[in-house]
Amino acid sequence: MSNAEKEVNARVCVPGRCEPHTTNLGLPSDVMDKAITRLGWLGLLFAATLQLVHWTRISFTPFETAGGMQIANEAVIAGTVLGIAICALAWTRKLPQRVMLDSGLLFQVAASFCIAVVEFRIRMHTDEPIVGVSGMALWITFFVLVVPTTPGKAALAAFGSVLMGPLAMLFFAAVERVPLPGQGTMLSIFLPDLLSAA
């Protein structure tokens, strides 16, 4: 059987008659294996980028409280450990393919929280207009292109990631004891993330 025929059989999967090389996602095992490898690279890239963005921003935005700085540093540490851990899990192939990709979706949501916390270090302490590209919007858009999954799971992970923004804002406001931004400001902050998930 040719590779093209195998791929067709993988996509049109009849219960009890599927080829052994297919997965529950309806994709060939080699496609899933490559996706897991990409997930490992994505975890490593996330850890490195989070460090780079955080320390670069500190150089150009020195205004912050000691508490806000500590929260952001802890989020960076947690995100770095998370990215390296998902990379190690992906590359060692210790988990079944489907479980690994589902774990990748959990990684997407948890990483979104870390990104949001780092971004709110600046947003909660400035009255300047919010400009630039949302890190969470980029993350949500990029992740779905790298890790294949069912439409339902992809949508659930995307909107779960979007909710990490308001959660991080509430967390920051409670710990720092600062007022929440106005409705217009919140709309400008969260709308790009919501559109990227949609």
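In the block above lies the structure referred to throughout.
Position labels on residues start from 1 in each chain and follow its written sequence. Thresholds applied to this predicted model are a pLDDT of at least 70 for local features of residues and 80 or more for the giving and counting of side-chain atom pairs; totals over whole chains, interfaces and linings are not thresholded and use all residues. Computation of side-chain values: all heavy atoms of the structure, hydrogens and water removed.

Trainee: Lay out the side chain of Gln-108 with the relevant residues and their values.
Mentor: Tracing the backbone through its elements, the reader meets Gln-108 in helix H4 (residues 97–123). Exposure categories follow from relative accessible area, calculated using a 1.4 Å probe and restricted to protein chains: below 20% of the type maximum is buried, above 50% is exposed, and the middle band is partly exposed. The class for Gln-108 is buried, based on a relative accessible area of 3%. Beyond its immediate sequence surroundings of up to four residues, Gln-108 is in contact with Trp-139, Ile-140, Phe-143, Ala-157, Ala-158 and Ser-161. Segments assigned H or I by DSSP are reported as helices when at least four residues long, segments assigned E as strands when at least two residues long, and all are numbered from the N terminus. The contact criterion used is simple: two residues touch if any of their non-hydrogen atoms lie within 4.5 Å.

Trainee: Got a sec to walk through the packing of helix H5 (residues 135–146) against helix H6 (residues 151–176)? Specific residues and values, please.
Mentor: Lines fitted to C-alpha atoms define the axes, with helix axes restricted to the stretch in contact, and inter-axis angles between N-to-C directions lie between 0 and 180 degrees. Taken N-terminus to C-terminus, the directions of H5 and H6 make an angle of 165 degrees; their axes are 10 Å apart at the nearest point. Put simply, H5 runs roughly antiparallel to H6. In this structure, H5 crosses over H6, and the sense of that crossing is right-handed. Together, Met-136, Ile-140 and Val-144 of H5 and Ala-154, Ala-158, Ser-161, Val-162, Met-164 and Gly-165 of H6 make up the contact between the two elements. Amino acid classes used here: Ala, Val, Leu, Ile, Met, Phe, Trp, Tyr, Cys and Pro are nonpolar; Asp, Glu, Lys and Arg are charged; the rest, including Gly, are polar. Of the residues belonging to the contact of H5 with H6, the class tally is 7 nonpolar, 2 polar and no charged. Note on angle classes: values under 35 degrees are labelled roughly parallel, values over 145 roughly antiparallel, values of 65 to 115 roughly perpendicular, and the remainder oblique. Left-handed is the label given to a crossing in which the near helix is rotated counterclockwise from the far helix by less than a right angle, and right-handed is the label when the rotation is clockwise.

Trainee: Explain the nonpolar core to me, and be specific about the residues and the numbers.
Mentor: Of all hydrophobic cores here, the largest spans 34 residues; its most connected members are Leu-39, Phe-46, Phe-107, Trp-139 and Phe-143. With 11 residues, H4 is the single largest residue contributor to this core. With residues near it in sequence (within four places) discarded, Trp-139 still touches Leu-42, Phe-46, Phe-107, Gln-108, Ala-111, Ser-112 and Ile-115. Side-chain atoms within 4.5 Å link the members of a nonpolar core, which is a set of buried Ala, Val, Leu, Ile, Met, Phe, Trp, Tyr and Cys residues.

Trainee: Account for the side chain of Glu-119, naming residues and giving values.
Mentor: Mapped onto the fold, Glu-119 is located in helix H4. With near-sequence residues (within four places) excluded, Glu-119 lies in contact with Arg-57, Ser-134, Gly-135 and Met-136.

Trainee: Report on the environment of Cys-114, specifying residues and quantitative values.
Mentor: Along the chain, Cys-114 falls in helix H4. Taking relative accessible area as the criterion, Cys-114 reaches 7% and is therefore assigned buried. Residues within four places of Cys-114 in sequence aside, it is in contact with Phe-46, Leu-50, Ala-75, Ala-78 and Gly-79.

Trainee: Before we move on, can you summarise unusual backbone geometry with the specific residues and values?
Mentor: Backbone geometry places Arg-93, a non-glycine residue, at a positive phi of 55 degrees. Along the polypeptide, Arg-93 turns up in the loop between helix H3 (66–92) and H4.

Trainee: Please provide a residue-by-residue account of the packing of aromatic side chains, values included.
Mentor: Centres within 6.5 Å are what make two rings of Phe, Tyr or Trp a pair, Trp counting through its six-membered ring; a difference in plane orientation under 30 degrees is then read as stacked, over 60 as edge-to-face, and the rest as tilted. Under the definition given, this model contains 7 aromatic pairs. Ring centres of Trp-41 and Trp-91 lie 4.9 Å apart, and the angle between their planes is 70 degrees; this geometry places the pair in the edge-to-face category. One end of the pair, Trp-41, is in helix H2 (residues 29–60); the other, Trp-91, is in helix H3, with 50 residues separating them in the sequence. Take Trp-41: its relative accessible area is 53%, and that puts it in the exposed class. A residue is classified by how much of its surface remains accessible, and Trp-91, at 37% relative accessible area, is partly exposed. Each member of the aromatic cluster is reached from another via a ring pair, and the members are Phe-46, Phe-107, Trp-139 and Phe-143.

The values reported here are purely geometric and, on their own, carry no functional implication.
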